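# Structural features, examined
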Amino acid sequence: VNNAGVLDDAPFLDLPTEEFDRIIGVNLRGAFLMGQAVARQMVKQGIPASGSASRPQAGAIVNMSSVAGTIGYPNRSPYCATKWAVLGLTASLARETGKNGVRVNAILPGTVRGPRIESVIAGYAKQNDISVAAAEEWYLARQATGAYIEPEEIAEMVSYLASPKARSITGQFIGVNGGLLGDGARASLDPGKGVFVNFDPNVGVELVAVVTFDSPLSGQAVPNPLAATITVLDGTGIVKTVLGPQT
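## Comments concerning the overall build of the chain
Secondary structure assignment for the chain yields five helices and nine strands. Secondary structure of the chain in N-to-C order comes out as α-β-α-β-α-α-α-β-β-β-β-β-β-β. For the chain, long-range pairs separated by at least 24 residues make up 57% of all intrachain contacts whose partners lie at least 6 apart in sequence. Accessible surface computed for the chain: about 14,200 Å², of which carbon and sulfur atoms make up 57%.

## Concerning the sheet that holds strand 3 (residues 173–176)
Strand order in the open sheet formed by three strands is 1-2-3, and the pairing between neighbours is parallel. Where the open sheet ends on each side, the last strands, each with one partner, are strand 1 (59–64) and strand 3. Geometrically, the sheet is characterised by an average inter-axis angle of 30° between neighbouring strands, direction not taken into account. Pairing analysis gives six bridges linking strand 1 to strand 2 (residues 102–109), with the strands arranged parallel. Counted as the bridge partner of asparagine 63 is alanine 106 from strand 2.

## Quick notes on helix 4 (residues 132–141)
Within helix 4, burial applies to Ala135, Tyr139 and Leu140. For helix 4, the buried positions fall inside an angular range of 130° around the axis, keeping them on one side. Those residues of helix 4 that are exposed and angled more than 90 degrees off the buried face are Ala133, Glu137 and Ala141. Looking at the buried side of helix 4, the elements it contacts are helix 3 (115–128).

So, how was this worked out
- Residues numbered from 1 in each chain as written.
- Predicted model: local features only at pLDDT ≥ 70, side-chain atom pairs only at ≥ 80, totals over all residues.
- Heavy atoms only, no water.
- Helix = DSSP H or I, 4+ residues; strand = E, 2+ residues; numbered from the N terminus.
- Contact = heavy atoms within 4.5 Å.
- Areas by Shrake-Rupley, 256 points an atom, 1.4 Å probe, with all protein chains shown as cover.
- Pairing = 2+ DSSP bridges.
- Axes fitted to C-alpha atoms, helices over the stretch in contact; angles between N-to-C directions.
- Buried < 20%, exposed > 50% of the residue type's maximum accessible area, 1.4 Å probe, protein only.
- Arc of directions from axis to C-beta.

Structure follows, in structure tokens:
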């Protein structure tokens, strides 16, 4: 289980190269080195497919990514970059070693209760000049459940992915995040159009939402509900137009 990770809250324009290298070194290089070492041993000791076994059995690798690996966050560019990269590493290693019986998956945790998220929330409160309680409320409101993820829930998913019960699961990115909904769209526009793109790496479908705002916005979070016309184009070429106000 590749679980080592570090982060820092620093504006991209002010980020020292040394800090970027530190985060890349732990979060990405660490996952590469550990994954390579254990995959070599797993392939060497793997049990070939025979008799009723439909596939060789060699081992399982679980990489810890993050919802930051699909959303992105301000002031955390190196952290987010590593978590996106871990997903690419996971998918590539899964395809490369699958025939040797090695399974490789990634978990994308959400807001997990513990000292690190407490520090993150405190930092967010300071950056935005709000109370810690208000910052915590904002973080939890992003999730459909409105609640913290408990560390035991991540451990249970790791245990499952490492077990024979998950023998057909590999190359997957599995969110344990309470239905985290992202930061919400932000815009710096007069009435006009903003384009927001979401790509689902599991199905390869790009969803493009073209939003026409009915009222001026200037660097503010898009209100909810929002008076807007939303046109959604998906990978099948189907165009759907939905009229506001929208949630």
